[in-house]
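Per-entry structural report
Each chain, written out:
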Amino acid sequence: MRRPRLDNSVRLFTQGYAWLPDKRRALGRRTVPTRLGGLPVFGIEGPEAARFLYDEDHVRRAHAIPEPVQGTLFGKGAVHTLDGHEHRVRKAMFVALLMDDDRIAPLVEGVTAAWDAAVPGWVRREQVVLFEEARVVLTRAVCDWAGVPLPEDEAPAVARDLTALVDGFATGGPRHWRARRARGRREAWLARLVDDVRSGAATTPQGSVVDVVARHRDADGEHLDPHVAAVELLNVIRPTVAISWFVAFSGHALVRWPRYRKQLAGGDPAFAEAWAHEVRRFYPFAPFIGGRAPQAVEWDGERIPAGAMVLLDLYGQDHDADLWGDPYTFRPERFLDREREIGAFELVPQGAGDPRTNHRCPGEQVTVAVLSALAVRLARLDVEVPEQDLRISLRRIPALPASGMVLRVHGTSG
C-alpha cells in the first residue's frame, strides 16, 4: 500500500474516537498506515492485532508515550514507560496491590460506604452532578484504603485534581494545563508522604498501598525516587477515581434504557458485572493505546519500519460487528448470553492480554468490582432527571455526557 504523506494530527483532534475506525472503514482494512506528528503510524484492530501489539518483540512502550501524556495522565518514570525486566519487576507491585480479591473487597466496601454516607447530602440539595459527586466518593474511599491521609474538607479539591489528570491528557489549552498543574501539586503532596513514611515521621498501615510503594525496590535493588514513588501512588489512586466516568455513563444508560433499572437494582451479581462490562464496552473511554516498533516487522501485509508507532484501536474493537454482532446496541445481557468466557484480547476498554505479564491495566478488576457495586446503588436511587444536555461528543477525549449527569435525588427506592 502506498505510504500516506499527509499528517493526520488535525483529523485526530477533530474526529476523536471516530478517527481510526473511520480510516479503517474508508480503506476496508483492519490495518491502516498514516502519520501523526511527522511519525509513521499503523492503526490496527482485532484480537490478533492485540496479540501482536502486546508482544514486546513487535511493539514496546519505552520512549513511545508522548511527553504531554506523561506530564498529565501517567507521570514521568511511570511503569507505563518501562519494558522488559524493569517493567515486570515494577508491574509485580501493581499486580499484588490491585489483583488480590482480599485487597479489592475492602476497597469496594469503602466505596459503597462512602456512597451511602453521601446520599443524604444529595437529598438535601436541589440537584447534584453525578460525575462530580462520584469522583469525591471515590477519592475519599481510595485514599482511605490506600493509607493516604485526607482531611474531609480537602477531598473535593483532591478529587478535582485527580480527574483533571485524566481529563487533560489528550487535549491542549486550559484542560491540559489544568492537568499539569494538578500533577505538580499531587506529586509533591505524595512525595512528601513517602519521605515521611520512610523517615518515620508519618505512619501508614503495614501492607497499605503507601507502605508497599514506599518500601518497593526496583529492578536495580534501589527504592524508588520519592517523586517516582508519588507517580506510582497516583497510578493506583487516579484510575480508581476515573471510575467516575463509568458511573456517569451508567447514569446516562439508565436514562436512555430505563427498562434495565429494576433488574440492576435487584442486585444480582452476574447482571451487575454484565452491566459494568457493557458500560465499558459501549461508551467511549480510551480511544487507543500504542507503542513503537523496536525493529522492522511485518503485520497484515504491511511492513512496519523500526521506530514507527503502532496503535491498537480500542474504541473500534469494542464496536467491531464481527466480535459483538450489534455493537451500537446497549445490551448488558450479551455478557450473560456468551457461550464462552470473554477473551483477554477481545474486550479491550482498558487494554488487552494478561495484566500480570504485559501492559494491560492491572486495575481493571478493581474497575469492574467497584462499578458493579455503584451501578446497583445508582439504580436504587429515587431520582428525577431534569432537562439537560445528554449528548456525548466523540470529538472530546475523554468523552463525558455534556451535563455530567444532573440528578435530583429524593432518596433510595429500596
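Below: a short report on this structure. (Residues numbered from 1 in each chain as written. Predicted model: local features only at pLDDT ≥ 70, side-chain atom pairs only at ≥ 80, totals over all residues. Heavy atoms only, no water.)

1. Considerations on the sheet that holds strand S4 (residues 288-292)
With respect to topology, four strands assemble into an open sheet ordered S1-S2-S7-S4, the strand pairing being mixed. Of all the strands in the sheet, the pair left with one neighbour each is strand S1 (32-36) and S4. Direction aside, the axes of adjacent strands within the sheet are offset by 30° on average. With five bridges connecting them, S4 and strand S7 (residues 309-313) associate as antiparallel partners. Note that in S7 the partner of Phe 288 across the bridge is Asp 313. Seen against the sheet, helix H2 (residues 19-27) touches S1, strand S2 (39-44), S4 and S7 and runs at an angle of roughly 140° to S1. (Pairing = 2+ DSSP bridges. Helix = DSSP H or I, 4+ residues; strand = E, 2+ residues; numbered from the N terminus. Axes fitted to C-alpha atoms, helices over the stretch in contact; angles between N-to-C directions. Contact = heavy atoms within 4.5 Å.)

2. Comments concerning empty space enclosed by the protein
Over the atoms, a rolled probe matching the size of one water molecule traces out where space is still vacant. Summed over all chains, the structure comprises four cavities of 30 Å³ or more. Reported here for the second largest cavity is a volume of approximately 60 Å³. Leu 130, Gly 251, Leu 254, Val 255, Arg 261, Leu 378, Val 383, Val 385, Met 405 and Leu 407 are the residues that line the second largest cavity. Here the lining of the second largest cavity takes three residues from helix H12 (residues 243-256), the largest share from any one element. (1 Å grid on protein atoms, 1.4 Å probe; cavity = no way out; pocket = protein on both sides within 12 Å on 5 of 7 lines; lining within 4 Å. Points joined across faces, edges and corners; volume = space filled by probe spheres on them.)

3. Focus: the sheet that holds strand S8 (residues 381-384)
Sheet strands pair by backbone hydrogen bonding; their relative direction is either parallel or antiparallel. Strand order in the open sheet formed by three strands is S3-S9-S8, and the pairing between neighbours is antiparallel. Looking along the sheet, the strands with just one partner apiece sit at the ends: strand S3 (128-129) and S8. Both S8 and strand S9 (residues 406-412) contribute to a ladder of four bridges, which runs antiparallel. When the bridges of S9 are listed, Val 383 appears paired with Val 409. Along the sheet face, helix H6 (residues 101-124) touches S3, S8 and S9 and points at about 110° away from the line of S9.

4. A few points about the side chain of Gln 317
Tracing the chain through its elements places Gln 317 in helix H15 (residues 314-317). In this view, Gln 317 contacts Glu 45, Gly 46, Pro 47, Leu 312, Leu 323, Trp 324, Phe 345, Glu 346 and Val 348; residues no more than four positions away in its chain are not counted.

5. Digging into the packing of aromatic side chains
Here the structure, examined in full by the defined rule, presents 19 aromatic pairs. Linked through ring pairs, Phe 131, Trp 245, Phe 246, Phe 249, Trp 257, Tyr 260, Phe 271, Trp 275, Phe 282, Tyr 283, Phe 285 and Phe 330 together constitute an aromatic cluster. (Phe/Tyr/Trp six-rings, centres within 6.5 Å; stacked < 30°, edge-to-face > 60°.)

6. Points about H6
For H6, spanning 24 residues, the distance from its first C-alpha to its last is 36 Å, which sits close to the expected 34 Å at 1.5 Å a residue. The largest bend along H6 measures about 30° and falls at Ala 118, with the proline Pro 120 one to four residues further on. Of the positions making up H6, those classed as buried are Ile 104, Leu 107, Val 108, Val 111, Thr 112, Ala 114, Trp 115, Ala 118, Val 119, Gly 121 and Trp 122. Of the residues flanking the start of H6, the one acting as N-cap is Asp 100, its side-chain oxygen 2.8 Å from the backbone nitrogen of Asp 102. (Expected span 1.5 Å × (residues − 1). Bend = angle between axes of the 7 residues up to and from the residue. Buried < 20%, exposed > 50% of the residue type's maximum accessible area, 1.4 Å probe, protein only. Polar contact = N/O pair within 3.5 Å; in protein donor to acceptor, adjacent residues only side chain to side chain.)

7. Observations regarding the packing of H6 against helix H7 (residues 130-146)
Two measures define how a pair of helices packs: the angle their axes make with one another and the distance between the axes. One way to put it is that H6 packs onto H7 with a least axis distance of 8 Å and a crossing angle of 135°. Taken as axis vectors, H6 and H7 run oblique relative to one another. In this structure, H6 crosses over H7, and the sense of that crossing is right-handed. For the pair H6 and H7, the contacting residues are Arg 103, Pro 106, Leu 107, Gly 110, Val 111, Ala 114, Trp 115, Ala 118 and Trp 122 in the first and Leu 130, Glu 133, Val 137, Leu 138, Ala 141, Val 142 and Trp 145 in the second. (Parallel < 35°, antiparallel > 145°, perpendicular 65-115°, else oblique. Left-handed = near helix turned anticlockwise from the far one by under 90°.)

8. Examining the nonpolar core
Of all hydrophobic cores here, the largest spans 99 residues; its most connected members are Trp 115 and Trp 275. Apart from the residues lying within four places of it in its own chain, the contact partners of Trp 275 are Ser 250, Ala 253, Leu 254, Tyr 260, Leu 264, Phe 330, Pro 332 and Ala 375. Listed in part, the 19 residues of the second largest apolar core include Ala 50, Ile 289, Ala 293 and Ala 308. (Core = buried A, V, L, I, M, F, W, Y, C linked by side-chain atoms within 4.5 Å.)

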